[in-house]
Each structure stands twice: as structure tokens, then as C-alpha cells.
Amino acid sequence: MRKRFLKKRNAASVCRMTLLCMMLGAGLSALPLQAEEDIYLEDDLMTEYTVSEESGDGAADEITITAEENADLITGTYTVPSEWTEDASQSTEEKKVYRCSGYTDQESVSTITCSYLDTNYSVMEYEQLRDMLTNNLLYSNVNAQISTSAVYTKAKDYLYILIVDDSAQDYRDVYHYVVGDYRCFSVEVREYREEASLAESREMDTPQETGQKIAEEFTWNEAW
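Residues numbered from 1 in each chain as written. Predicted model: local features only at pLDDT ≥ 70, side-chain atom pairs only at ≥ 80, totals over all residues. Heavy atoms only, no water.

### Topic: the overall build of the chain
Here is the rule: Counting from the N terminus, the helices are the DSSP runs of H or I reaching at least four residues and the strands are the DSSP runs of E reaching at least two. Between buried and exposed lies partly exposed: a residue is buried under 20% and exposed over 50% of the maximum accessible area for its type, with that area taken using a 1.4 Å probe on protein chains only. Residue contacts follow a heavy-atom distance rule, with two residues in contact if any of their heavy atoms lie within 4.5 Å. Using the Shrake-Rupley algorithm and a 1.4 Å probe, accessible areas are obtained, with residue cover drawn only from the displayed protein chains.
Across its full length, the chain holds 5 helices and 11 strands. In the chain, which comprises 224 residues, the share counted as buried stands at 36%. For the chain, the proportion of contacts with a sequence separation of at least 24, taken over those separated by at least 6, is 54%. For the chain, the exposed area adds up to about 13600 Å²; of that, 48% sits on carbon and sulfur atoms.

### Description of the nonpolar core
We count it as follows: Buried Ala, Val, Leu, Ile, Met, Phe, Trp, Tyr and Cys residues that are joined via side-chain atoms within 4.5 Å together make up what is termed a nonpolar core.
Among the nonpolar cores identified, the biggest contains 17 residues, and W84, I112, C114, V178, F185, V187 and I214 are the most heavily contacted of them. Leaving out residues up to four positions away in the same chain, I214 has contacts with Y78, T79, V80, P81, I112, C114 and V187. Counting residues in each nonpolar core, the second largest holds 12 residues, with V123, V164, Y177 and C184 among its members.

### Observations regarding the confidence of the model for the chain
For clarity, the threshold we go by: Values of pLDDT, ranging from 0 to 100, describe the predictor's confidence in every residue of the model.
Counting all residues, the mean pLDDT for the chain is 76, and 65% of those residues have values of 70 or more. Considering each helix and strand of the chain separately, the mean pLDDT is smallest for helix α1 (residues 11-25), with a value of 40, and largest for helix α5 (residues 207-216), with 98. Confidence drops under a pLDDT of 50 for residues 1-55, and excluding neighbours within four residues, the segment shows 85 contacts in the predicted structure.

### Some details on unusual backbone geometry
With a phi angle near 70°, K156 is a residue other than glycine that sits in the positive phi range. In this structure K156 comes out as exposed when scored by relative accessible area, which is 66%. For E203, which is not a glycine, the phi torsion comes out positive at approximately 55°. Structurally, E203 is set in the loop between α4 (193-201) and α5. Accessibility expressed as a relative area gives 77% for E203, which makes it exposed.

### Some thoughts on the pairing of strand β7 (residues 145-152)
Threshold: In this description, strands pair whenever DSSP reports at least two bridges between them.
Taken together, the 8 bridges between β7 and strand β8 (residues 158-165) define a ladder with antiparallel strand orientation. Bridge pairing in β8 links Y152 to Y158. Hairpin connection between β7 and β8: a loop of 5 residues separates the two successive antiparallel strands, and K156 in this loop has a positive phi of roughly 70°.

### Quick look at the side chain of T111
Note that T111 resides in strand β6 (residues 111-118). In this structure T111 comes out as buried when scored by relative accessible area, which is 14%. Setting aside residues up to four positions removed in sequence, T111 forms contacts with W84, V97, Y98, R99, E188, V189 and R190.

### Let's talk about the pattern of salt bridges
The condition that has to hold: Salt bridges, as used here, are contacts in which a Lys or Arg side-chain nitrogen is within 4 Å of a carboxyl oxygen on Asp or Glu.
Evaluation of the coordinates by the stated rule reveals 9 salt bridges. Across the salt bridge formed by R130 and D131, the nearest N and O atoms sit 3.3 Å from each other. What makes D131 partly exposed here is its relative accessible area of 37%. Across the pair E217 and K154 runs a salt bridge, and its minimum N-O distance is 3.6 Å. With E217 in the loop between α5 and β11 (219-220) and K154 in the loop between β7 and β8, this pair connects stretches of sequence that are 63 residues apart. With relative accessibility at 63%, the residue K154 sits in the exposed group.

So, in C-alpha cells, the structure goes:
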């Protein structure tokens, strides 16, 4: 039988080891070393984990995998309101595109696109990630007004919201990024102004509000 274990290797463990070595060097009696804790991937401090597998002869082989190397294996769970249906003609394996069935009579229809974005940043480097995402939009939308904000998801992950609003266009783009280790869950909304106004008059959620709810309710799955 194959067995797999995740073990924490964080800054606190390193500090405990350093303190123990200093005390031993000073001639003090050895202190019992605290055992490593079994954890899940959502622990923000984890940067790597060890997979132990029993081979046929009973020996255990250990392979260390960094969170960055494992990022593209991690997905999550999200829910799209029933009135938003997948557009099979626009969806691919990497992204899912949704349209609201209540606005099919409109010439231009808003869309919500859900996908994953691999990054070079851990959850502890969220400020660098925020700057990278913002700068990319600034460079590609020189005539638009860009506003940013940040909230938490219901699972307590960082959620960045970036709005790109070019008054010359009849739509605006809203990007929602749920921050994970070296990966983000992205909810991109292209909201047409006429459709948003119509939703407000009907006391319904606008496409932007729907997209934000999808992002806020997103949860990362465990890797193993």
C-alpha cells in the first residue's frame, strides 16, 4: 500500500533547531525536539513538503516537492449562479466562459470567465503579486482608468479586484484574483454598461457583483 504524508517545514521549525544547537554548544543538556506536524497545503508558511511512498520491499522513498512545482496541480471549487450558463463555443480546457440567459436578447452580452493563473509568487509575497497584476493592466490599457481594491474570500484568502474602465468603450473589465501559492484563481468579468443598468433596474445582481460573489465563495482544494 502506498502512503503519503505532508510535513511542515517552516521558519518556526528552523528557529527551534537553531536554538537547540546553541544550547548544546554551551554545554547544556539536550532538549527533546518537537515532532513535525501533519498539515494541509493551505498552511501559508509551507514552502515544501515530503512525499513518502512505500516500495515493494517495504522501504520508503522520499521525494521533496516545492509548492511552486506543484502549483499547476492545485485547483479549487466555485459555484456559478444557475442563470449563468456555460458558453461551449467560447470555453476551453483552460477556461470556462459563462453568459447570463436573461440577457440573450441584448446585442452585446456580458461574460464571466473562470480560469487559473500561474505566478512566480507565494501567498507570502502577495504585495509583489498585487503590483505585478496592476502593472500589467496599466501597460495594456493606457487610456483606461484603473482602480484596485482587496478583500478576503470566505475561506480567508486574499482577493484582489482590479477594474479597467475606458469611457470610450461600452463595457468595462473587472478582474478578481484569489491568491494561492504560485497560482491564482481568476474570475474575469466583461460587463456591458447597458446590461449592468438593466440588472440594477430589475434589482438583480450586475455581472460584476456576480463575478465577485463567485470569487469570494471560491475554495482551494487539497493537493493530496
